[in-house]
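For reference, the chains in residue letters:
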Amino acid sequence: MNRRVVVTGMGCVTPIGSSPTELATGLYAGRIGVRRLTLFDASRFPVQIAAEVQDWNLNTMAGQNGRWDHCPRQTQFAIGAGLQAAQNAGLDESVDGERFGVYLGCGEPFGDFTAFTQSVSDSMVQGECEPALFMQNSLRIFDPDSEREFEPDMPAIHLAELLGAFGPVANCIAACVSSTQAIGESARMIQQGDVDLMLCGGAHSTIHPFGMTGFQRLSALSCLNSNPQAAVRPFDADRDGFVMGEGAGMFILEELQHALARGAEILGELTGYGSSQDAYRVTDTHPDGRGTTAAINRALHSAKLNPENIHYINAHGTGTLLNDKVETLAIKQAFGKQSYRIPVSSTKSMLGHATTACGAIELAVCLLSLQSGVIPPTMNHDTPDPDCDLDYVPHTPREVSARHILTNNIGFGGQNAALIVSQYDDRSTGKVQLGWAA
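Analysis parameters
Residues numbered from 1 in each chain as written. Predicted model: local features only at pLDDT ≥ 70, side-chain atom pairs only at ≥ 80, totals over all residues. Heavy atoms only, no water. Helix = DSSP H or I, 4+ residues; strand = E, 2+ residues; numbered from the N terminus. Rg over C-alpha atoms; globule rule 2.2 N^0.38 Å. Buried < 20%, exposed > 50% of the residue type's maximum accessible area, 1.4 Å probe, protein only. Areas by Shrake-Rupley, 256 points an atom, 1.4 Å probe, with all protein chains shown as cover. Lys, Arg positive; Asp, Glu negative; His and termini not counted. Charge placed at Lys NZ, Arg CZ, Asp CG, Glu CD. Salt bridge = Lys/Arg side-chain N within 4 Å of Asp/Glu carboxyl O. Pairing = 2+ DSSP bridges. Core = buried A, V, L, I, M, F, W, Y, C linked by side-chain atoms within 4.5 Å. Contact = heavy atoms within 4.5 Å. Axes fitted to C-alpha atoms, helices over the stretch in contact; angles between N-to-C directions. Left-handed = near helix turned anticlockwise from the far one by under 90°. Nonpolar A, V, L, I, M, F, W, Y, C, P; charged D, E, K, R; others polar. pLDDT = per-residue confidence, 0-100. Parallel < 35°, antiparallel > 145°, perpendicular 65-115°, else oblique.

Things to note about the overall build of the protein
And step 1. Regarding its fold elements, the protein presents 14 helices and 18 strands.
And step 2. In terms of overall dimensions, the protein is globule-like: its C-alpha atoms have a radius of gyration of 21 Å, near the 22 Å expected for 438 residues.
And step 3. Counting only C-alpha atoms and orienting by the principal axes, one finds that the protein spans roughly 75 × 55 × 40 Å.
And step 4. Taking all 438 residues of the protein together, 60% fall into the buried category.
And step 5. Counting every atom, the protein has about 17100 Å² of accessible surface; 49% of that belongs to carbon and sulfur.
And step 6. Averaging the positions of the 29 positive and the 47 negative side-chain charges in the protein gives two centres separated by 7 Å.

Written out as C-alpha cells, the structure reads:
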C-alpha cells in the first residue's frame, strides 16, 4: 500500500469545453453551459433546460467515421475523453497490457425512445399494450446493433480494446459517486500492486425523456426555464434544484516509478480516497451529514493530511435545498474551524449535474486548479443562506496557491466518496513539479 499513484493523463468532454484547456478557459471565464434543451422536444415538459454537450463529434476527434454512430452518447463521450487521456499520457505499444486496467463509473444509458414508443403504439389493442404484440414489434423495430451497446459496461470494454488494456476491466454504478469511486478503487489497485496503470473516470447522459421524467418526479430539477443561465444556484438561498448535464472525464493513473521510468509528465498525485454509506434513505442524504463527513475523514486519513492542509474543496453542490445544507454541515464537521478558511465552490453551477460522470469531471477541475493556481467560482450565488455560510467563491475565480485539493460527491442511495489530489512532490529533492499548464 506504499506505492504512490500519480496522474499522467486526462481528457474530458463537457458542456463548456471538450478538452482540458477548453474546460479551464470556460471555468475561469464563468461560462455557464445551461440552455434550452435541444436533444428532444421538451415543450410539454415542466423542465425544458439542460447543460448539453454541443458542437462536438467523436468521429471527427477519433478519425473513425461512422464506427460509433450507433452508440449511446455516454459511450461516445467516454471514448473521446479516454483517447484524450491516453494521448495526453503519451501511452504507446511499450506499455504492458497485462498490467493495464480500465475502471469506469458509467450509468445505465437510455434506449432508443423512438423505437420504444413506436413498438408500444403498434401493440395497442383496445387502449392497452398487448405484451405478445409488443415483443413481436420490438424485434422488428429495434436495431440489434444499437441495443447491444446499451449496457453500462460497454464504454469500458471499448476503451480496453482500443488501448490494449488486458488487466482488470470493470464498471461501477453508485449513482452520483460512480466515477469518484471508480477512480478511488483504481488507485487502490495500483497501490496494492495488482496493476501499474489504470484508465479510469466516468461518462453519462440522462438528457433523455425517461431520465428527465424521473428526476422531475423526484422534484430535484430547477424549473427556471425562463432564465437558463441562472437556473443552477448552489448554496444560494433561492436555489430550487439542479440542471441535468452530461459528459465525461477520464484519467490515466500510474504507479510513480512506472511513470518516471517511461518519462511521463506528472499532472498531480492522487493521495486520498474515502468512501461511505449513509444507510438511511434512497433519495435523501442523512440530515446529520454522517456519511459525507465519514468519506471526507477517510480521505484525509488515507492521505495522512490534517484539515489545515486542504486549500480548496470542490463541492458536490447540486443546488437542491437538502444537499447544499447537509454538505455544508458535513464540511464543518470534518474540518472544524478550518471550514471557514477553505474556499469551497460548485462547478455544477456552470456544468450542470452529469450524474455518474460528475465526480470525474470535477476531478479534472481540481487538477486544473492545482496546476494553474486558480480556483473556479460558484456562479449565481447571490443571496446568502444562513444554513450555507462558508466561502463559496461567488461569481469570480480566485488565485489560490493550492497544494492539496479535496473533491466531494454524494449519491442517491446514500453513497458518498471523496478524493484528494495533490501537487506531485519529488521527495528526493523536495521540489513540487507542475505538469499541466492551462
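A closer look at the environment of arginine 44
And step 1. Its place among the elements puts arginine 44 in the loop between β2 (35-36) and β3 (49-50).
And step 2. For the pair arginine 44 and phenylalanine 412, spaced 368 residues apart in the sequence, the C-alpha separation amounts to 27 Å.

Some thoughts on the pattern of salt bridges
And step 1. Within this structure, the stated rule accounts for 17 salt bridges.
And step 2. Taken together, the shared-partner salt bridges in this structure form one network comprising Arg3, Arg99 and Asp196.

Looking at the pairing of strand β10 (residues 268-277)
And step 1. The buried count for β10 comes to eight of 10 residues, which makes it a mostly enclosed element.
And step 2. Here strand β1 (residues 5-13) runs beside β10; their pairing, made up of two bridges, is antiparallel. Within the sheet, the bridge partner assigned to valine 6 lies in β10 and is glutamate 269.
And step 3. As paired strands, β10 and strand β16 (residues 415-422) are joined by eight bridges and run antiparallel to one another. When the bridges of β16 are listed, tyrosine 273 appears paired with leucine 419.

Side note on the pairing of β1
And step 1. Of all nine residues in β1, nine are buried; the element is thus mostly enclosed.
And step 2. Summarising the sheet, β1 and strand β9 (residues 246-255) pair through eight bridges and their orientation is antiparallel. The residue of β9 that forms the bridge with cysteine 12 is glycine 249.

Some points on the nonpolar core
And step 1. Core analysis: the largest hydrophobic core is formed by 70 residues, its most contacted members being Leu23, Ile183, Met212, Phe251 and Leu253.
And step 2. In terms of residues, this core owes the most to one element, helix α14 (residues 358-372), which gives 10 residues.
And step 3. The contacts of phenylalanine 251, once residues within four sequence positions are left out, are Val7, Gly9, Met10, Ala85, Ile183, Met198, Leu199, Cys200, Ala360, Leu363, Ala364 and Leu367.
And step 4. The next biggest cluster of nonpolar side chains, apart from the first, holds 27 residues, and it includes Leu58, Ala156, Ala165 and Leu199.

Looking at the packing of helix α4 (residues 113-121) against helix α5 (residues 131-141)
And step 1. Their axes nearest at 8 Å, the elements α4 and α5 cross at an angle of 140 degrees. For the element pair α4 and α5, the recorded crossing hand is right-handed. Residues Ala115, Phe116, Gln118, Ser119 and Val120 of α4 form the contact with α5, whose own contacting residues are Phe134, Asn137, Ser138 and Ile141.
And step 2. Tallied by class, the residues present in the contact of α4 with α5 amount to five nonpolar, four polar and no charged.

Focus: the confidence of the model for the protein
And step 1. Per-residue pLDDT for the protein averages 93, and the proportion of residues at 70 or more is 96%.
And step 2. Low confidence marks residues 434-438, where pLDDT is under 50. Its contacts with residues over four positions away, or in another chain, come to 17 contacts.

A closer look at the packing of helix α1 (residues 20-28) against α14
And step 1. Where α1 contacts α14, the axes come no closer than 10 Å and their chain directions differ by 80 degrees. Considering their axes alone, α1 and α14 lie roughly perpendicular with respect to each other. Across from Pro20, Leu23, Ala24, Leu27 and Tyr28 in α1, the residues of α14 making contact are Ala364, Val365, Leu368, Ser369 and Ser372.
And step 2. Tallied by class, residues from the contact of α1 with α14 come to eight nonpolar, two polar and no charged.

Section: the sheet that holds strand β8 (residues 197-205)
And step 1. In spatial order, the strands read β7-β4-β8-β9-β1-β10-β16-β15-β11-β12; together these 10 strands make up an open sheet with mixed pairing. Of all the strands in the sheet, the pair left with one neighbour each is β7 (169-171) and β12 (344-345).
And step 2. Taken together, the seven bridges between strand β15 (residues 404-410) and β16 define a ladder with antiparallel strand orientation. Opposite isoleucine 410, over in β16, you have asparagine 416 as the bridge partner.
And step 3. Helix-sheet contacts for helix α11 (residues 290-303) involve β10, β15 and β16, and the interaxial angle to β10 is about 145 degrees.
And step 4. Seen against the sheet, helix α12 (residues 321-335) touches β11 (312-314), β12 and β15 and runs at an angle of roughly 140 degrees to β15.

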